[in-house]
Amino acid sequence: MTLADIRRVQQDFVAAAKRAHEAGFKWLELHFAHGFLAQSFLSKHSNARDDAYGGSLENRARFLVETVAAVRQVWPEEFPLTARLGVLEFDGDDGANLAESIDVLKRLKAHGLDLVDVGIGFSTMSPVPWAPNMLVPVAGQVRSETGLPVATSWLIADAKQADGFVRDGQLDLVMVARRLLDNPHWPQQAARQLGVAKPSWVLPTPYAYWLESWAAA
Ligand SMILES: Cc1cc2nc3c(=O)[nH]c(=O)nc-3n(C[C@H](O)[C@H](O)[C@H](O)COP(=O)(O)O)c2cc1C
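What counts and how
Residues numbered from 1 in each chain as written. Predicted model: local features only at pLDDT ≥ 70, side-chain atom pairs only at ≥ 80, totals over all residues. Heavy atoms only, no water. Helix = DSSP H or I, 4+ residues; strand = E, 2+ residues; numbered from the N terminus. Buried < 20%, exposed > 50% of the residue type's maximum accessible area, 1.4 Å probe, protein only. Contact = heavy atoms within 4.5 Å. Areas by Shrake-Rupley, 256 points an atom, 1.4 Å probe, with all protein chains shown as cover. Pairing = 2+ DSSP bridges. Axes fitted to C-alpha atoms, helices over the stretch in contact; angles between N-to-C directions. Near = heavy atom within 4 Å. Polar contact = N/O pair within 3.5 Å; in protein donor to acceptor, adjacent residues only side chain to side chain. Left-handed = near helix turned anticlockwise from the far one by under 90°. Nonpolar A, V, L, I, M, F, W, Y, C, P; charged D, E, K, R; others polar. 1 Å grid on protein atoms, 1.4 Å probe; cavity = no way out; pocket = protein on both sides within 12 Å on 5 of 7 lines; lining within 4 Å. Points joined across faces, edges and corners; volume = space filled by probe spheres on them. Salt bridge = Lys/Arg side-chain N within 4 Å of Asp/Glu carboxyl O.

A. View of the overall build of the protein chain. Counting secondary structure elements, the protein chain contains nine helices and five strands. Start at the N end of the protein chain and walk to the C end: the helices and strands fall as α-β-α-α-β-α-β-α-β-α-β-α-α-α. Taken along its principal axes, the extent of the C-alpha atoms in the protein chain is 70 × 40 × 30 Å. Evaluated residue by residue, the protein chain yields a buried proportion of 41% over its 217 residues. Looking at the protein chain alone, contacts between residues at least 24 apart form 64% of all its contacts between residues at least 6 apart. For the protein chain, the accessible surface area stands at approximately 11400 Å², while carbon and sulfur atoms represent 58% of it.

B. Here's a closer look at the sheet that holds strand β5 (residues 173-174). Pairing within the open sheet is parallel, and its five strands lie in the order β1-β2-β3-β4-β5. The outermost strands of the open sheet, each flanked by one partner alone, are β1 (28-32) and β5. Here helix α5 (residues 136-146) sits on the sheet and contacts β2 (81-88), β3 (115-120) and β4 (150-152); the angle it forms with β4, its principal contact strand, is near 165 degrees.

C. Spatial organisation of the site of the ligand. His31, His34, Arg84, Ser153, Trp154, Leu155, Val176, Ala177 and Arg178 make up every residue found near the ligand. One of the side-chain N or O atoms of serine 153 is found 3.3 Å from an oxygen atom in the ligand. Alanine 177 is positioned such that a nitrogen or oxygen atom in its backbone is 2.8 Å from an oxygen atom of the ligand. Taking 600 Å² as the accessible area of the ligand by itself, protein coverage stands at 60%.

D. Spatial organisation of the packing of helix α1 (residues 3-22) against helix α3 (residues 57-74). Taken N-terminus to C-terminus, the directions of α1 and α3 make an angle of 35 degrees; their axes are 9 Å apart at the nearest point. Along this stretch, α1 crosses α3, giving a crossing that reads as right-handed. Here Ile6, Arg7, Val9, Gln10, Phe13, Val14, Ala17 and Lys18 of α1 lie close against α3, whose contacting residues are Phe63, Glu66, Thr67, Ala70, Val71 and Val74. Residues that form the contact of α1 with α3 fall into these classes: nine nonpolar, two polar and three charged.

E. Structural view of the layout of surface pockets. A volume near 320 Å³ is recorded for the largest pocket. Residue lining of the largest pocket: 16 residues in total, with Ala162, Val174, Val176, Trp186 and Ala190 positioned closest to the centre. Within the residue set of the lining of the largest pocket, elements represented by two or more residues are α6 (159-167), β5 and α8 (186-193). In terms of residue class, the lining of the largest pocket is made up of 14 nonpolar, no polar and two charged.

F. The pattern of salt bridges, seen in detail. Applying the stated criterion across every chain, the model contains 13 salt bridges. Among the ionic pairs, glutamate 77 bridges to arginine 72, the shortest N-O distance being 3.8 Å. For arginine 72, a relative accessible area of 9% corresponds to the buried category. Aspartate 117 serves as the salt-bridge partner of arginine 84, at 3.5 Å between the closest nitrogen and oxygen. Of the two residues, arginine 84 is situated in strand β2 and aspartate 117 in strand β3; the sequence distance between them amounts to 33 residues. Here arginine 84 and aspartate 117 have matching classes, each one buried. Here the residues in one salt-bridge network are Asp5, Arg8 and Asp12, joined through shared partners.

Structure representation (structure tokens):
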């Protein structure tokens, strides 16, 4: 990318944020993970630039910092601006990756980021050690070292465990993907398991109304 390309893409982020606001969205998450463009600026595996956007951590983080700052200018202060960031790569150098990511997240926080959705970089083909809840302690470390609220996902499936991660201060939010694809009733079943008084009301109102009416009949 030329410097003009970089400016154009950053302006595209800004334009997309404005459209999202006009369309009524109340939460904006920038995708800075999974080998997408911002992650590939940050990662040593993919960034081979020798200008102001490559080399040192400050340079590799520049695209992310500038983009958050520019989007924050147009995204209303009262609505959350969050980013998904691959904080490690499972490339054998995770201590260093995580330390760099924590440094970058402190900069993003200073420019108005409200929460980080902790993910994986996927900038290399390194095998990921898949295991239930595997990113939770990583997210907990990010939370305690950056002071940013955190969310995470990947193989979080058990409602009681998920609730515990929030209660014990490791996470602020739990993201669930495949369990919802497997079972669209997961949120309601989780609410039941956790003893929520009116579990149907975690669903959209029309569903909740009919389920409650049916249960009462
Ligand atoms: C079929 C499928 C497609 C996905 N596509 C994307 C994608 O395009 N971009 C992305 O950031 N994550 C993608 N993900 C990852 C999800 O965002 C999520 O992080 C992941 O599924 C972990 O959560 P889970 O274990 O609850 O499913 C995909 C996951 C699956 C299963």
